[in-house]
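Coordinates in review
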Amino acid sequence: MAMKRTKMPWMKAEDFGRSLPRGIGVNLLVSDMAAMEAFCRDVLGARIVYADEDFAAIELLGSVFMLHADHSYLDNPMTGSITGAETRGAGIELRLYGVDPDAVEAAALDHGHIVLAGAIDKPHGLRECYIVGPDGYVFVPSAPLAG
């Protein structure tokens, strides 16, 4: 594992791992940590719990997900799946329930991100939009339609 970290992490990795609740976790491998952190904060409205050059813990809608820089995964089995990839997460939607899609769409446009599909009311009872973040991950913020 190649680390570029220049500061002390806010907690030991093993302590953080043990602190994660039962459930589903998301870890995104990213080529530009600062760009993805800014996207999460400025477009999605997430709180950056901790971030350095190698790793970030992001809180969004009461859940925590992680970012790992490509260089920190050099000895990880996932390395082969990202080598040479122009976009990541093909076919995966990172769905964000309970987020105003109109506000996220406006923030994405303000920050120069791609709006794959603008906010629209869908037949399945949600208003949603599709935003492409750094490295090509697609985020789908949505809010329930009034009943």
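Let me sum up the structure you'll find in this document. Quantities reported herein were computed from a predicted structural model and do not represent experimental measurements. (Residues numbered from 1 in each chain as written. Predicted model: local features only at pLDDT ≥ 70, side-chain atom pairs only at ≥ 80, totals over all residues. Heavy atoms only, no water.)

**Some thoughts on the overall build of the chain**
- For the chain, the count of helices and strands is four helices and eight strands.
- Each helix and strand of the chain, placed in order from N terminus to C terminus, yields the pattern α-β-α-β-β-β-α-β-α-β-β-β.
- Sorting the 147 residues of the chain into buried and exposed places 39% on the buried side.
- Counting only contacts in the chain whose residues sit at least 6 apart along the sequence, the fraction spanning at least 24 positions is 56%.
- Approximately 8,400 Å² of the chain is accessible, and the part contributed by carbon and sulfur atoms is 57%. (Helix = DSSP H or I, 4+ residues; strand = E, 2+ residues; numbered from the N terminus. Buried < 20%, exposed > 50% of the residue type's maximum accessible area, 1.4 Å probe, protein only. Contact = heavy atoms within 4.5 Å. Areas by Shrake-Rupley, 256 points an atom, 1.4 Å probe, with all protein chains shown as cover.)

**Re the packing of aromatic side chains**
- Under the counting rule described, the total for this entry stands at two aromatic pairs.
- On the basis of an interplanar angle of 50 degrees and a centroid distance of 5.1 Å, the ring pair of Phe39 and Phe139 is categorised as tilted. One end of the pair, Phe39, is in helix H2 (residues 33-42); the other, Phe139, is in strand S8 (residues 138-144), and 100 residues separate them in sequence. (Phe/Tyr/Trp six-rings, centres within 6.5 Å; stacked < 30°, edge-to-face > 60°.)

**Some points on the sheet that holds S8**
- Sheet architecture is open: four strands sit in the order S5-S8-S7-S6, paired in mixed fashion. The open sheet has two free edges, formed respectively by strand S5 (93-97) and strand S6 (114-121), since each of these has just one partner strand. Averaged over all adjacent pairs, the angle separating strand axes in this sheet is 15 degrees, with direction ignored.
- Taken strand by strand, helix H4 (residues 101-110) contacts S6, strand S7 (126-132) and S8, and its axis lies near 20 degrees from that of S7. (Pairing = 2+ DSSP bridges. Axes fitted to C-alpha atoms, helices over the stretch in contact; angles between N-to-C directions.)

**Some remarks on the nonpolar core**
- Among the nonpolar cores identified, the biggest contains 29 residues, and Leu28, Met36, Val43, Leu44, Leu67, Tyr137 and Phe139 are the most heavily contacted of them.
- Looking at this core element by element, the count peaks at four residues for H2.
- Aside from chain neighbours lying at most four places away, what touches Met36 is Leu28, Val30, Leu67, Pro134 and Tyr137. (Core = buried A, V, L, I, M, F, W, Y, C linked by side-chain atoms within 4.5 Å.)

**Points about H2**
- Taken as a whole, H2 has its buried residues at Met33, Met36, Glu37, Phe39 and Cys40. Down the axis of H2, the buried side of the element spans an arc of 160 degrees, and every buried residue falls inside it.
- Among the structural elements, strand S1 (27-30), strand S2 (47-51), strand S3 (55-60), strand S4 (63-69), S7 and S8 are those in contact with the buried residues of H2.
- Between the side-chain oxygen at the start of H2 and the backbone nitrogen of Ala34 there is a gap of 3.2 Å, and the oxygen is on Asp32. (Arc of directions from axis to C-beta. Polar contact = N/O pair within 3.5 Å; in protein donor to acceptor, adjacent residues only side chain to side chain.)

**Thoughts on the side chain of Asp52**
- Along the polypeptide, Asp52 turns up in the loop between S2 and S3.
- At a separation of 2.6 Å, a polar atom in the side chain of Asp52 contacts the side chain of Tyr50.
- Polar side-chain contacts of Asp52 include one of 2.7 Å to the backbone nitrogen of Asp54.

**Notes on unusual backbone geometry**
- Positive phi outside glycine occurs at Leu61, with the angle close to 55 degrees.
- The exposure class of Leu61 is partly exposed, given its relative accessible area of 45%.
- The backbone of Asp135 shows a phi angle near 70 degrees, a positive value even though the residue is not glycine.
- Counting through the fold element by element, Asp135 comes out in the loop between S7 and S8.
- Since its relative accessible area comes to 17%, Asp135 is described here as buried.

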